[in-house]
Amino acid sequence: METKNKDILIIGAGLAGIEASLLCARAGRKVYLLEKEPYFGGSAIKSEEVFPLMECATCMLAPKQSDVLENKNIELLTLSELQEVQGEAGNFTARIKKQARYVSLENCIGCGACFEPCPVEIDNNFEEGLSKRKAIYIACAGALPNAPAIDMNYCLRKKGEDCQACKQSCMFDAILYDDKDREITVNVGAIIVATGFKLGDASQYTNYGYKKFKNVLSAFEFERLRASNGPTTGIIQTKDGSPPDSIALIHCVGRKEKGYCSQVCCLYLTKFAHYAFDKIPGVKVYQFYKELSIPGKENEHFYKEIQKKGINSIRAENIEIIEADSGLQINYQNGNNKNGSIAVDMVVLAPPIEPHPETRNIARILNIELDQFGFLKTQPFNPVESNRAGIYIAGCAREPNFMQEAVVQAQDAAGQALNITED
Ligand SMILES: Cc1cc2nc3c(=O)[nH]c(=O)nc-3n(C[C@H](O)[C@H](O)[C@H](O)COP(=O)(O)OP(=O)(O)OC[C@H]3O[C@@H](n4cnc5c(N)ncnc54)[C@H](O)[C@@H]3O)c2cc1C
Ligand code: SF4
Ligand code: SF4
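Before going into details, it helps to say that this report is about the structure given with it. (Residues numbered from 1 in each chain as written. Chains lettered and ligands numbered in written order. Predicted model: local features only at pLDDT ≥ 70, side-chain atom pairs only at ≥ 80, totals over all residues.)

## A short note on the site of ligand 3
Close to ligand 3 lie 13 residues; Cys 118, Cys 155, Cys 163, Ala 165 and Cys 166 are nearest. For the shell around ligand 3, the class distribution of residues is eleven nonpolar, no polar and two charged. (Near = placed C-beta within 6 Å. Nonpolar A, V, L, I, M, F, W, Y, C, P; charged D, E, K, R; others polar.)

Okay, structure coming up:
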């Protein structure tokens, strides 16, 4: 019988990918952990606090990230994407493209001295465009690995100019203009896909005025406003720089159009109410909902505790947001079909959790199935198993879920990957 390869490939280094990597590595296995971004941690690193216990997100995640960086069995490959996979369970061969970082991870100490002199300034995607970044950048303070990358889509050198500003400001000889993309081939016995999700584009749902009215925000924008390492160092403020007197939280944006509940929105909006009460004394918080989804005993307790702080809950349909003299006006129809209207300073929308844009490509490369919504399909009685032996799915790659669920699924996927690669 052919010997099984014991190494494991994990695609996506968010919470689920990190958890699966640590378990496999602690079981003595070599793990290749692939992340397409120059930093790892996924969406969880955007949050300041985590429901239901409102733990500090960094305190929860950073030790796991340090364990990944220190564990000799884990090879973290940032800026890396899967190109091709051949073989079968116990003996896969994967071809990976690793993009050049143009910064040496060995030499860089993460001092940030190279950012300021870079003449290029563009919107920082990680901060949802709420702040600017340079062509050489790190996503946010505290992002790991603590080393920037040069975004060659914007670097002046790509346009033929001989800019050397970042290199001249680096005292550690860490800038590598001649760094090259590389192709890496690895042999593994099992694969775990943990490619996560993307937040839907709220501007598709035109009645909410997203991108039209400046104080209508999407969920991650509000997370970054509250983040102490974010663009306002955690101060929740309107675009004119003043704290909002009133905030409306809008549930289920795009739910009807998508045809599924994104599961986490009711609870992260409850977390946002907590952020608002905590940071803005006397703020009025409204929540506009059609149906509430608060599963689980800890979540129910958390929801009730925040409600006690005085959220105005309005069951509403046919919401339309317009700009008025006083700020934003929310027109709606309440549960008794009566029209209502409320003026607020800020609106926060909860758009759908959608499959990561890479999901379809990953499914094609791995030859695994998608479900009707475009998430990776798993088996009814083995919810982390794909339709192909040796390939497992964990976290939001399979459906929208909470961090706790993502961790449990990652542990399950790791257990099954370890099991199938045992002789
Ligand atoms: C606004 C908001 C607030 C939230 N707050 C909470 C909370 O307080 N508590 C809670 O329990 N849950 C919360 N959640 C849910 C939580 O974010 C998810 O449960 C968790 O992030 C899922 O982790 P994941 O690893 O599955 O996915 P992700 O965090 O999306 O990570 C996936 C990773 O895979 C990478 N990737 C994608 N495609 C590829 C590819 N082709 N190759 C390589 N890498 C790839 C991505 O770059 C990313 O790093 C919140 C969600 C939102 C939207
Ligand atoms: S590349 Fe050089 S200047 Fe930039 S953060 Fe690293 S060590 Fe500091
Ligand atoms: S070489 Fe590129 S990244 Fe470096 S300072 Fe110039 S434009 Fe910025």
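Next, the rest of the story.
## Details of the sheet that holds strand β13 (residues 190-193)
In spatial order, the strands read β5-β2-β1-β13-β23; together these five strands make up an open sheet with parallel pairing. The strands lining the two open edges of the sheet, one partner per strand, are β5 (74-77) and β23 (391-393). Strand-to-strand twist across the sheet, computed as the mean angle between neighbouring axes with direction ignored, equals 15°. Here β13 pairs with β23 via three bridges, running parallel. Looking at the pairing, Ile 192 lines up with Tyr 392 of β23. (Pairing = 2+ DSSP bridges. Helix = DSSP H or I, 4+ residues; strand = E, 2+ residues; numbered from the N terminus. Axes fitted to C-alpha atoms, helices over the stretch in contact; angles between N-to-C directions.)

## Quick word on the sheet that holds strand β16 (residues 246-250)
The pairing of strands in a sheet happens through backbone hydrogen bonds and is either parallel or antiparallel. Taken in spatial order, the seven strands of this open sheet run β15-β21-β16-β17-β18-β19-β20, and their pairing is mixed. Strand pairing shows two members of the sheet lacking a second neighbour, β15 (216-218) and β20 (339-344), which therefore form its edges. Across the sheet, the mean angle separating the axes of adjacent strands is 35° when strand polarity is ignored. Two strands pair when backbone bridges link them, and β16 and strand β17 (residues 284-289) are joined in this way by five bridges, in the parallel orientation. Considered in β17, the bridge of Ile 250 is made with Phe 288. Across the sheet, helix α4 (residues 219-226) touches β15 and β21 (346-349), and the angle it forms with β15 is around 90°. (Contact = placed C-beta atoms within 7 Å.)

## Some remarks on the packing of helix α1 (residues 15-26) against helix α9 (residues 403-420)
Their axes nearest at 8 Å, the elements α1 and α9 cross at an angle of 40°. α9 is crossed by α1, and the crossing has right-handed handedness. Note on element contacts: α9 touches α1 through Met 403, Ala 406, Val 407, Gln 409, Ala 410, Gln 411, Ala 413, Ala 414, Ala 417 and Leu 418, opposite Leu 15, Ala 16, Glu 19, Ala 20, Leu 23 and Cys 24. Looking at the contact of α1 with α9, its residues break down into 13 nonpolar, two polar and one charged. (Left-handed = near helix turned anticlockwise from the far one by under 90°.)

## Observations regarding the environment of Thr 58
Along the chain, Thr 58 turns up in helix α2 (residues 57-70). Of the residues examined, Thr 58 has 20 C-beta atoms within 10 Å and is grouped as buried. Taking the C-alpha atoms as reference points, Thr 58 and Ile 45, separated by 13 residues in sequence, lie 6.9 Å from one another. (Buried ≥ 20, exposed ≤ 12 C-beta atoms within 10 Å, placed from the backbone.)

## Regarding the site of ligand 1
Close to ligand 1 lie 39 residues; Gly 12, Gly 14, Gly 42, Gly 196 and Gly 395 are nearest. For the shell around ligand 1, the elements supplying multiple residues, two or more each, are α1, β14 (197-199), α4, α6 (265-279) and α9.

## Regarding the pairing of β17
Pairing between β17 and strand β18 (residues 312-324): four bridges, direction parallel. The residue bridging Tyr 289 from the neighbouring strand is Arg 315, located in β18.

## Examining unusual backbone geometry
Going from Phe 51 to Pro 52, the amide bond is cis rather than trans, its omega being 5°. Mapping Pro 52 onto the fold places it in the loop between β3 (49-50) and β4 (55-56). Leu 144 connects to Pro 145 through a cis peptide bond whose omega is -5°.

## Quick word on the nonpolar core
Ranked by size, the top nonpolar core spans 124 residues in total, and within it Ile 192, Leu 349 and Ala 394 carry the most contacts. Looking at this core element by element, the count peaks at nine residues for α6. Discounting chain neighbours no more than four positions away, the residues touching Ile 192 are Ile 8, Ile 10, Ala 20, Tyr 392, Ala 394, Ala 413, Ala 414 and Ala 417. (Core = buried A, V, L, I, M, F, W, Y, C linked by C-beta atoms within 7 Å.)

## Quick notes on α9
Across its 18 residues, α9 extends 26 Å between first and last C-alpha, which sits within 8% of the 26 Å expected from 1.5 Å per residue. Listed as buried for α9 are Met 403, Glu 405, Ala 406, Gln 409, Ala 410, Ala 413, Ala 414 and Ala 417. At its buried positions, α9 is contacted by β1 (8-11), α1, β3, β13 and β23. (Expected span 1.5 Å × (residues − 1).)

## Points about the environment of Lys 338
Secondary-structure assignment places Lys 338 in the loop between β19 (327-334) and β20. Overall, the presence of 8 C-beta atoms within 10 Å leaves Lys 338 in the exposed class. As a C-alpha pair, Lys 338 and Val 264 span 74 residues in sequence and 29 Å in three-dimensional space.

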